[in-house]
Amino acid sequence: MNRRSIFTVATIAALCAFAPHSADAKSSCGGASWYALHSKTASGERMNPATMTAAHKTLPFGTKVKVTNSRSGKSVVVRINDRGPFIRGRVLDLSKAAAQNIGMVRSGHAKVCYEIIG
């Protein structure tokens, strides 16, 4: 009986360890930066700084995300087409055009919140 209880608790703990990933994927807040390279993205398409795109660590390519600058309140809808950012605390890397729309080009980074819309 005791061994069974330990197994149950361990199983629940293991499942809870993975729960934040699914909740995190729906919406999140954190830092964002922008980039304007012309290299290929992780999805295979060429990065175009003039399009409304972004990089996220795990969201599927093609996911539409509404990104809101926490300071200005401005929002933009972007399509995930790349992987990143790879700096702790950052949740998105935006294209230059997307960053311009929410007023973060000059600073280079901002605190943002995002939610999946499609």
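Residues numbered from 1 in each chain as written. Predicted model: local features only at pLDDT ≥ 70, side-chain atom pairs only at ≥ 80, totals over all residues. Heavy atoms only, no water.

Visitor: Can you lay out the overall build of the protein for me, pointing to particular residues and giving the numbers?
Guide: Counting secondary structure elements, the protein contains two helices and six strands. The helix and strand sequence of the protein, counted from the amino end, reads α-β-β-β-β-β-α-β. By the burial criterion, 32% of the 118 residues in the protein qualify as buried. Nonlocal contacts in the protein, meaning residues at least 24 apart in sequence, comprise 71% of its contacts between residues at least 6 apart. On the protein, roughly 7,300 Å² of surface is accessible, and the fraction owed to carbon and sulfur atoms is 59%. (Helix = DSSP H or I, 4+ residues; strand = E, 2+ residues; numbered from the N terminus. Buried < 20%, exposed > 50% of the residue type's maximum accessible area, 1.4 Å probe, protein only. Contact = heavy atoms within 4.5 Å. Areas by Shrake-Rupley, 256 points an atom, 1.4 Å probe, with all protein chains shown as cover.)

Visitor: Residues and numbers for the confidence of the model for the protein, please.
Guide: Model confidence for the protein is summarised by a mean pLDDT of 85, while 79% of its residues fall at 70 or above. Under a pLDDT of 50 for its full length, residues 7-11 has, in the predicted model, zero contacts with residues more than four places off or in other chains. (pLDDT = per-residue confidence, 0-100.)

Visitor: So what's going on with the packing of aromatic side chains? Which residues, and what values?
Guide: Under the criterion given, the structure shown has zero aromatic pairs. When the ring centre of Phe61 is taken as reference, the NZ or CZ atom of Arg83 above it lies at 4.2 Å. (Phe/Tyr/Trp six-rings, centres within 6.5 Å; stacked < 30°, edge-to-face > 60°. Lys NZ or Arg CZ within 6 Å of the ring centre and 35° of its normal.)

Visitor: I'd love a proper account of the environment of Ala36, names of residues and values included.
Guide: As for its position among the elements, Ala36 is in the loop between strand 1 (27-35) and strand 2 (53-55). For Ala36, a relative accessible area of 33% corresponds to the partly exposed category. Along the primary structure Ala36 and Met47 are separated by 11 residues, whereas in three dimensions their C-alpha atoms are 7.5 Å apart. What Ala36 contacts, discounting residues up to four positions off in sequence, is Pro49 and Lys96.

Visitor: How would you summarise the sheet that holds strand 1 if you had to cite specific residues and measurements?
Guide: With mixed pairing, the six strands of this closed barrel are ordered in space as 1-5-2-4-3-6. Pairs of neighbouring strands in the sheet enclose a mean axial angle of 45°, with direction left out of account. Where strand 1 meets strand 5 (residues 90-95), five bridges bridge the pair, whose relative direction is parallel. By the bridge assignment for strand 5, Trp34 is matched with Leu94. (Pairing = 2+ DSSP bridges. Axes fitted to C-alpha atoms, helices over the stretch in contact; angles between N-to-C directions.)

Visitor: Break down the nonpolar core for me, with residues and values.
Guide: Ranked by size, the top nonpolar core spans 18 residues in total, and within it Val67, Val78, Leu92 and Leu94 carry the most contacts. Elements supplying a minimum of two residues to this core: strand 3 (64-69), strand 4 (75-82), strand 5, helix 2 (96-101) and strand 6 (109-116). Here Val78 is in contact with Met52, Thr53, Ala54, Thr63, Lys64, Val65, Val67, Leu94 and Ala98, once residues within four sequence places are set aside. (Core = buried A, V, L, I, M, F, W, Y, C linked by side-chain atoms within 4.5 Å.)

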